[in-house]
Amino acid sequence: MADILITGGAGNFGRTLATALDAQGHALRLLDLPACDFGFADQLQNGRVFRGDIMDPAALAAPLDGVDLIFHLAAILPPASEADRDRTFRINVDGTRTLLQAAQASGAAPGVVFASSISVYGDTSGRAERITPGDPVNPNDIYAASKVEAERVLAESGLPWVNLRISAIAIPEFLDPPEPWPFQPDQRIELVVLDDLVRAMVALVDKKQAFGKTLIIAGGPTWQITGREYVTRWGEIMEIPEDEMSYLDRPGWLNWYDTDESEAQLGYQRTTLDDFWGQLKQAVNEALA
Ligand SMILES: NC(=O)c1ccc[n+]([C@@H]2O[C@H](COP(=O)([O-])OP(=O)(O)OC[C@H]3O[C@@H](n4cnc5c(N)ncnc54)[C@H](O)[C@@H]3O)[C@@H](O)[C@H]2O)c1
């Protein structure tokens, strides 16, 4: 069993990942900002909470002491990331550098799994083929530019690393539609559910072969549809007509992805799009019961 640090451990991914790793018997350290709600951590068998900032080296010594693996999830995301470029780069890039330098200095040489994003590819709407991990990056907003820089810091850290370019998350819950949906009607999209993403991350704990690679994490072939197909089906289940929802007025980041390697390495794509629609229907029925 491994000693694992999760930065951003109180966030959306962090909480779900922590619960899954805890169930496997790993020893966890969860690091997040002091104001975060760590209530869920009371349920963990073996989880220690550290309240601190990844930009503060003094706050990193204890959570890094003797750690085998770091899941580096702490970041500022859209829309907050787009308000202040300097702040976003301080957290997402300088914070990553401070964390990895402290990890290097600790002498333990832990592996690092980095939560990057498919946003790094920018607008790929002109592409006929699926996006592959080796395609050039072309960030077109502050968040994506900060992820590109953080990936560079990761690659130059001297630590063993895996770079996960993660697609957008589909949420099977009774929610209002996003205003607007983050894509256009004819745009190719491929989302992923959090359970499958977390399954991929958990599989990485024992996957030394995956280190040194950039992998795209997305739902797989059953999730490759257009924005309109997704929104129409979502609207049927939620009983909201498509013409009462709105789309981006320019192409969003999403596309179809080549996940052959990530799936071969990590075996995480267990939730088909039809499974997801079933989960969403069930969530709606429960909410309306
Ligand atoms: N949500 C998505 O659809 C998505 C998609 C692709 C990649 N990602 C990446 O996955 C990671 C986790 O995303 P999430 O959805 O859980 O976001 P989240 O906002 O729920 O979690 C991020 C966590 O980082 C913490 N954090 C921010 N600044 C910090 C700092 N200076 N020091 C310590 N902790 C700090 C926040 O308090 C928060 O709990 C992020 O790196 C994000 O860029 C998310």
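In what follows, the structure referred to is the one given above.
Residues numbered from 1 in each chain as written. Predicted model: local features only at pLDDT ≥ 70, side-chain atom pairs only at ≥ 80, totals over all residues. Heavy atoms only, no water.

Undergrad: Describe the overall build of the chain, and please don't skip the residues or the numbers.
TA: Each helix and strand counted, the chain has eight helices and eleven strands in total. Its C-alpha atoms give the chain a radius of gyration of 19 Å, within 12% of the compact-globule value 19 Å for 289 residues. For the chain, the spread of C-alpha atoms along the three principal axes comes to 55 × 45 × 40 Å. Scored against the burial criterion, the 289 residues of the chain give a buried share of 51%. Pairs at least 24 residues apart make up 77% of the contacts formed inside the chain by residues separated by at least 6 positions. Counting only carbon and sulfur atoms, one obtains 49% of the accessible surface of the chain, whose full area is about 13000 Å². (Helix = DSSP H or I, 4+ residues; strand = E, 2+ residues; numbered from the N terminus. Rg over C-alpha atoms; globule rule 2.2 N^0.38 Å. Buried < 20%, exposed > 50% of the residue type's maximum accessible area, 1.4 Å probe, protein only. Contact = heavy atoms within 4.5 Å. Areas by Shrake-Rupley, 256 points an atom, 1.4 Å probe, with all protein chains shown as cover.)

Undergrad: Quick rundown of the pattern of salt bridges? Include the residues and the values.
TA: The final tally for this structure, using the stated rule, is 15 salt bridges. With a shortest N-O distance of 3.9 Å, D3 and R29 are connected by a salt bridge. Taken together, the residues span a long stretch of sequence, with D3 in strand β1 (residues 3-7) and R29 in strand β2 (residues 27-32) at a distance of 26 residues. Accessibility expressed as a relative area gives 27% for D3, which makes it partly exposed. Here R127 makes a salt bridge to D135, at a shortest N to O gap of 2.7 Å. Residue R127 is classed as partly exposed on the basis of its relative accessible area of 27%. (Salt bridge = Lys/Arg side-chain N within 4 Å of Asp/Glu carboxyl O.)

Undergrad: Can you tell me about the sheet that holds strand β10 (residues 214-217), naming the residues and giving the values?
TA: Strand order in the open sheet formed by seven strands is β3-β2-β1-β4-β5-β6-β10, and the pairing between neighbours is parallel. Taken across any chain shown, the strands that pair with only one partner, and hence form the sheet edges, are β3 (47-51) and β10. This sheet shows a mean twist of 20° between the axes of neighbouring strands, independent of strand direction. Here four bridges tie β1 to strand β4 (residues 69-72), and the two strands are oriented parallel to one another. (Pairing = 2+ DSSP bridges. Axes fitted to C-alpha atoms, helices over the stretch in contact; angles between N-to-C directions.)

Undergrad: Describe the nonpolar core, naming the residues involved and giving the relevant values.
TA: One recurring pattern in soluble globular proteins: nonpolar side chains tend to sit buried together. If you look at the biggest cluster of nonpolar residues, it comprises 34 residues, and the most contacted ones within it are I4, I6, L17, L21, L30, F71 and L164. Those elements that provide at least two residues to this core are β1, α1 (12-23), β2, β4, β5 (111-117), β6 (161-166), α5 (194-204) and β10. Ranked by residues supplied to this core, first place goes to α5 with six residues. For F71, the contacting residues outside a window of four places in its chain are I4, L5, I6, T7, L17, L21, V113, M201 and V205. Y230, V231, Y257 and W277 belong to the second largest nonpolar core, which has 29 residues in total. (Core = buried A, V, L, I, M, F, W, Y, C linked by side-chain atoms within 4.5 Å.)

Undergrad: I'd like to hear about the packing of aromatic side chains, residue by residue, with values.
TA: Inspection of the entire model under this criterion finds nine aromatic pairs. Between the aromatic rings of W181 and W234, the centroid separation amounts to 5.1 Å while the plane-to-plane angle is 80°, which identifies the pairing as edge-to-face. Taken as a pair, W181 in the loop between β7 (169-170) and β8 (188-189) and W234 in helix α6 (residues 227-238) lie far apart in primary sequence, 53 residues in all. Exposure class is identical for W181 and W234. Each is buried. Taken together, the ring pairs connect W181, F183, W223, Y230, W234, Y247, F276 and W277 into an aromatic cluster. (Phe/Tyr/Trp six-rings, centres within 6.5 Å; stacked < 30°, edge-to-face > 60°.)

Undergrad: Just give me the short version of helix α8 (residues 273-288), but keep the residues and values in it.
TA: An ideal rise of 1.5 Å per residue puts 22 Å on 16 residues; α8 measures up with 23 Å between its terminal C-alpha atoms. Among the residues making up α8, those that are buried are L273, F276, W277, L280, A283 and V284. Along α8, the residues classed as buried sweep out an arc of 120° about the axis, all on the same side. Exposed residues lying more than 90 degrees from the buried face of α8 are D274, N285 and E286. As for α8, its buried residues are in contact with β7, β9 (192-193), β11 (225-226) and α6. (Expected span 1.5 Å × (residues − 1). Arc of directions from axis to C-beta.)

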